Amino acid sequence: MSEKRISSDPEIGQGPLRSSSRLSGASARFPAGKDRIFSTELGSRGPESDRFGGASQKEIADEDARFVYIGDPARTNNRSAFAGNSIRTGKYNFFTFLPRNLFEQFHRVAYIYFLVIAILNQLPQLAVFSRQASIIPLAFVLLVTAVKDGYEDWRRHRADRIENNRSANVFSDGEFRPKLWKNVQVGEVIRVNSNETLPCDMVLLSTSDPTGVAYVQTINLDGESNLKTRYAKQETLSGDRFEGILRCEQPNRNIYGFHAAMEIQGKTVSLGAPNIVLRGCEIKNTAWIVGVAVYAGRETKVMLNSSGAPSKRSRLETKMNRETVLLSFLLLLLCSIVTLLAGFWLKTHKGELNLAPFFRKRDFSGEEEKDFNYDGIGAEIGYRFLMSVIVFQIMIPISLYISMELVRLGQAYFMIQDKNLYDEASQSRFQCRALNINEDLGQIKYVFSDKTGTLTQNKMEFQCASITGSDYQAASSDLEDCFVRVGGQVWRPKMKVRVNPELLRLLRSGEGEERRQAYDFFLALATCNTIVPIVVDTLEENSKLIDYQGESPDEQALVYAAASYGFVLVERTSGHIVVDILGRRQRFDILGLHEFDSDRKRMSVIVGCPNKAVKLFAKGADNAMLGVLEETLDPWIVQKTKDHLLAYSSLGLRTLVVGVRELTEVQFREWKSGYERASMALFGRSKALRAVAVNIETQLRILGASGIEDKLQEGVPEAIESLRDAGIKVWVLTGDKQETAISIGFSCKLLTPSMTQIVINSHSKEACRRSLQEAFAMTRKHGQESLALVIDGTSLVHILETELEEELFKVATACNVVLCCRVAPLQKAGIVSLIKSRTDDMTLSIGDGANDVSMIQMADVGIGVSGQEGRQAVMASDFAIGQFRFLVPLLLVHGHWNYQRMAYMILYNFYRNAVYVFVVFWYTIYTAFSLSTAISEWSAVLYSIIYTALPTIVVGILDKDLSRKTLLKYPQLYGAGQRDESYDLNGFFLTMADTIWQSAAIFFIPYLAYRHSAIDGSSVGDLWILGVVILVNFHLALDVFRWNWITHASIWGCIVATWVCVIVIDSLPFLPGYWAIFQVMGTSVFWLCLLGILVMGLIPRFTVKSFRGYLAPSDIIIGRELEKFGGGATGEGGHL
């Protein structure tokens, strides 16, 4: 399917309506006066210039300005060397990779700890292991991470090469010639053709459109696929010579603002955000554009904003640091015990040290007597402490960090591949943008949700209109087939809208004031917008579809509605629009356009009509429009419209008020003069343009109001009900009217008829204080009853960031539901902060629009919805989903699994390493605290890398304590994560107690069996290491919930791998303990010891698990019993 922008049909662009600009028509209407109106589009571009406050709020000093000589890159870069256009997103090069990567990795304190341990082991007095073996664990972790980082950076370098070697058309020697992107310089004039990507940030000079308009798609910049309009100044449209000086601000990250002035042809022209096109954007529906490069390479706005995925730290990992500190104290305690006892032993046996083999204090070789391995009792105690730190070092598990990364990567893979999280409508999969907080999804207590596009579809459908006090509801099934004929072709709007037959008859054959009002109402809908009509080919040669593209779904719905009633927008340029009105094509000159902004909450357009009249059409939110109406005109209609607005809002419809003002010559010229002054201002431009808009948008005559339905997404009521059953509080933060929000609240089962509503609508700080006090008294009076707090943005202005925040917190947390209406983006973030800063509960924010970004970034977990409002929310989020209902399987299933797995894996890693350390500790007690080890140093090195590493990773990725069906059927099971049941201090201390018991079983059973035998230390050391590996793997097997072949292979395979490694190590004659395993493995005592270790080591754990499951079963255990006996997935009821 191909598409193209509607071009001027001979019937449209020729004849009496033809004009060099839309403003020549204005001059014909008002011929008096010497001044002329610029033929570029007039009007403030609110959303673009004001979203970040606008750079034009301050004057650019010479030292802060960038001077660009148009068409003269040599002179431009001679004054100040600007960045070239070559980009480099890679972090490393051949020479910096090793030092920089190591520097980044050693930001982890644990790595520094293990590096210090390895360095200490290199000292002869402290050498416990061989120098090579001591560095292998740390080297292995560093190598794996370095390989991963290197591969990712290689991919970035490859993408950079492809990008830098693309070709651009650069003006040189009177013609455009191809030039590689990486060689483009600031100041060069570049031509970009349709469907091509911009190589750098450029100020538009001219376009293929005679009026200088260009359409760009910014999907590579901000994720939005809707077309946006950009404009070239009238002064640069004509001629093939490109000369002038451009004075602009320094490079910055604000993609919505631009402040510059251009000196050309002897005069200064101001430039703003509508005049710049950014690197990464694509030209659409415009044959070509020509612009001058102002920012290149790393200084372009897209590169300055390329910060990557957000970085957060999970709650579980933060708590893990607490246990790491406790293990550090335990390590120091063991080292201190060994050191003190070693000191006592040395003092007690000081007379025997001359002959002691370990010390061999005296030299009996006949030469001069000297000490070999003894430096005095003080030094020996110090050595012993440092040696014990080296021997017990793996009490802090170095492999845990890399294991957590691998587990999170595996969990993310299965979440992405989950078909239950795939949105077929948008063909979008689940996105995991922050790998390090997967487990936080299992501990959420508060969900803060946007309404429009998150709970609703954000696909607007025109439902009703109030015109001249009459309510016109759309018929249930009447879809009007409207079309226009252009050049022998039939053009139809892409979407059909249900119409009201009575209103349609009034427009077609009615007369009088009522018809005139209805006529102006739909004319306002067709003209007061920024919609771009795109002609789309169909299978029929003579049939085309008109696709209305715009940034706002509301505007699209209104324009489609106008088309269904006979007001079909068929063409838009920067100077005029063409509307087919009931079969008659008419051209309207766009004399001025004030786009919507968050301060005015309305937009307006000044149009020149075919009858020479000049009208201002405006539409906006009711609270913004009703205040600028001339209520002395038609007060009865105003009152009836207010009644209809209230009725529409109660039905959950989105409402807009439409008004008109006919401008006299004097009024128009006053506006034009004010606008010219504001638009030419080199500083304070945004504020001045807003003031011009406010001044003209007064004394409006009401035309009516519209009601647009934004239907709920599929499964939203059921999703909210499941979340509430899971103990999650759902708060909705919306910019809609209170009545609309409450209606949607009932529709999605957020509010129920049994709930008591507490409504706070106050307009002063004292009024808010009284309302909060009354609300708090009500919460104490109702106790456990269901309460819902409804509060508006005006009240929040007086509450947030004041002492009243604490009062609001008390009231809000006592309610089951909180509904915030008419809230600004920063107020949404303030509400999230209210909970996040005062409780330890995990918060989650979910939204789909740019106004939700602050809220998403403030919460512990941010979810973006791939909706109709672009992708800013997705780009700022930690995870992205296609529908709100996917939040249920994401939290209740994957969140639960991720939390349970990660919590167990962390505790298991602590347990696994502690068992080994305590075995070595017991051996130290029986070897004069010399810290010699019976276990081979190579087995010690391989213990955390090969012997026990893989099973915990596999279980962390694949194990499932409960099935998906059970978790969805019984949402209460989610509470286990909220209560930290799987990871708390009690569980940690019990695990450590079990560790001491198991280590004692591993050590003392072989010790008691062989203490009177002639077996050497290496043989019993092999028995100990095999006992440790078998026991910890059987311990893991005892806790596995769901077995599969991968789990079997990893657990039993690691035990087999341990046997193989021990046999290989003992088969090497140059290593200590040569042939030791073969000496002991052939005896029955060896095998009885292994069996005794396994039985005795697991008895306490097996007993505790059995009694706990029988006497005090948790929800998880009950859920497993239900699954076991057939009630988990098929039984009746949904409560435990």
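Residues numbered from 1 in each chain as written. Predicted model: local features only at pLDDT ≥ 70, side-chain atom pairs only at ≥ 80, totals over all residues. Heavy atoms only, no water.

**Topic: the confidence of the model for the protein chain**
With 88% of its residues at a pLDDT of at least 70, the protein chain reaches an overall mean of 84. Low pLDDT, under 50, characterises residues 1-58; the predicted model gives this stretch 156 contacts beyond four residues in sequence or across chains. Scored below 50 in pLDDT, residues 1128-1134 makes 19 contacts in the model with residues more than four places away or belonging to other chains. (pLDDT = per-residue confidence, 0-100. Contact = heavy atoms within 4.5 Å.)

**A look at the pattern of salt bridges**
This model, assessed by the stated rule, comprises 50 salt bridges. Beyond isolated ion pairs, a larger network of salt bridges with shared partners links Glu 513, Arg 516, Asp 520, Lys 615 and Arg 701. (Salt bridge = Lys/Arg side-chain N within 4 Å of Asp/Glu carboxyl O.)

**Side note on the sheet that holds strand S7 (residues 213-217)**
Strand order in this open sheet of three strands is S8-S7-S13, and the pairing throughout is antiparallel. Each edge of the open sheet carries a strand with a single partner, namely strand S8 (227-231) and strand S13 (282-284). Going from strand to strand, the sheet's axes swing by 45 degrees on average, the running direction of each strand aside. Strand direction decides the pairing type here: S7 and S13, joined by three bridges, are antiparallel. Looking at S13, one finds that Tyr 215 is bridged to Lys 284. (Pairing = 2+ DSSP bridges. Helix = DSSP H or I, 4+ residues; strand = E, 2+ residues; numbered from the N terminus. Axes fitted to C-alpha atoms, helices over the stretch in contact; angles between N-to-C directions.)

**Points about a nonpolar patch on the surface**
A contiguous nonpolar surface patch, about 570 Å² in accessible area, is contributed by Trp 997, Leu 1088, Leu 1091, Val 1095, Met 1096 and Ile 1099. In terms of residue count, the dominant contributor to the nonpolar patch is helix H37 (residues 1084-1111) (five residues). With respect to the helices and strands, the residue Trp 997 is situated in helix H33 (residues 985-1010). (Patch = residues over 30% accessible without salt bridge, like charges linked within 9 Å, V, L, I, M, F, W, Y side chains within 5 Å. Areas by Shrake-Rupley, 256 points an atom, 1.4 Å probe, with all protein chains shown as cover.)

**What about the packing of helix H12 (residues 399-417) against helix H28 (residues 887-925)?**
Two elements in contact, H12 and H28, have axes separated by 11 Å at closest approach and are oriented at 160 degrees. The orientation of H12 relative to H28 falls into the category roughly antiparallel. Both H12 and H28 take part in a crossing whose hand is right-handed. Residues Ser 399, Leu 400, Ser 403, Met 404, Val 407, Arg 408, Gln 411, Phe 414 and Met 415 of H12 pack against Leu 890, His 894, Asn 898, Arg 901, Met 902, Met 905, Ile 906, Asn 909, Phe 910 and Arg 912 of H28. (Parallel < 35°, antiparallel > 145°, perpendicular 65-115°, else oblique. Left-handed = near helix turned anticlockwise from the far one by under 90°.)

**Section: the sheet that holds strand S9 (residues 245-249)**
Two strands in a sheet stick together by hydrogen bonds in their backbones, pointing the same way (parallel) or opposite ways (antiparallel). Overall, antiparallel pairing links the four strands, which are arranged S2-S9-S10-S11 in an open sheet. With one partner strand each, in any of the chains shown, strand S2 (65-69) and strand S11 (267-271) form the two edges of the open sheet. Pairwise comparison of adjacent strand axes, ignoring direction, gives a mean angle of 20 degrees for this sheet. Where strand S10 (residues 260-264) lies against S11, five bridges are found, and the strand directions are antiparallel. The residue of S11 that forms the bridge with Ala 261 is Ser 270.

**Regarding the environment of Gln 443**
The residue Gln 443 is located in the loop between strand S15 (431-432) and strand S16 (444-449) in this model. Counting along the chain gives 534 residues from Gln 443 to Gly 977, while the straight-line C-alpha distance between them is 4.8 Å. In contact with Gln 443, other than residues within four places in its own chain, are Arg 315, Leu 316, Met 842, Tyr 899, Tyr 974, Gly 977, Gln 978 and Asp 980. For Gln 443, the side chain forms a polar contact with the main-chain oxygen of Gly 977, separated by 3.4 Å. (Polar contact = N/O pair within 3.5 Å; in protein donor to acceptor, adjacent residues only side chain to side chain.)

**Topic: the environment of Cys 609**
Note on placement: Cys 609 falls in the loop between strand S26 (602-608) and strand S27 (614-620). Relative accessible area serves as the criterion here: at 5%, Cys 609 is assigned to the buried category. Through-space distance from the C-alpha of Cys 609 to that of Ile 590 is 9.2 Å; in sequence the pair is 19 residues apart. (Buried < 20%, exposed > 50% of the residue type's maximum accessible area, 1.4 Å probe, protein only.)

**Brief notes about the packing of aromatic side chains**
A complete count under the given rule lists 42 aromatic pairs for this structure. Aromatic pair Tyr 904 and Tyr 908: ring centres 6.0 Å apart, planes at 20 degrees, arrangement stacked. Of this pair, Tyr 904 and Tyr 908 both sit in helix H28, four residues apart, which is roughly one turn of that helix. We classify Tyr 904 as partly exposed; its relative accessible area is 23%. (Phe/Tyr/Trp six-rings, centres within 6.5 Å; stacked < 30°, edge-to-face > 60°.)

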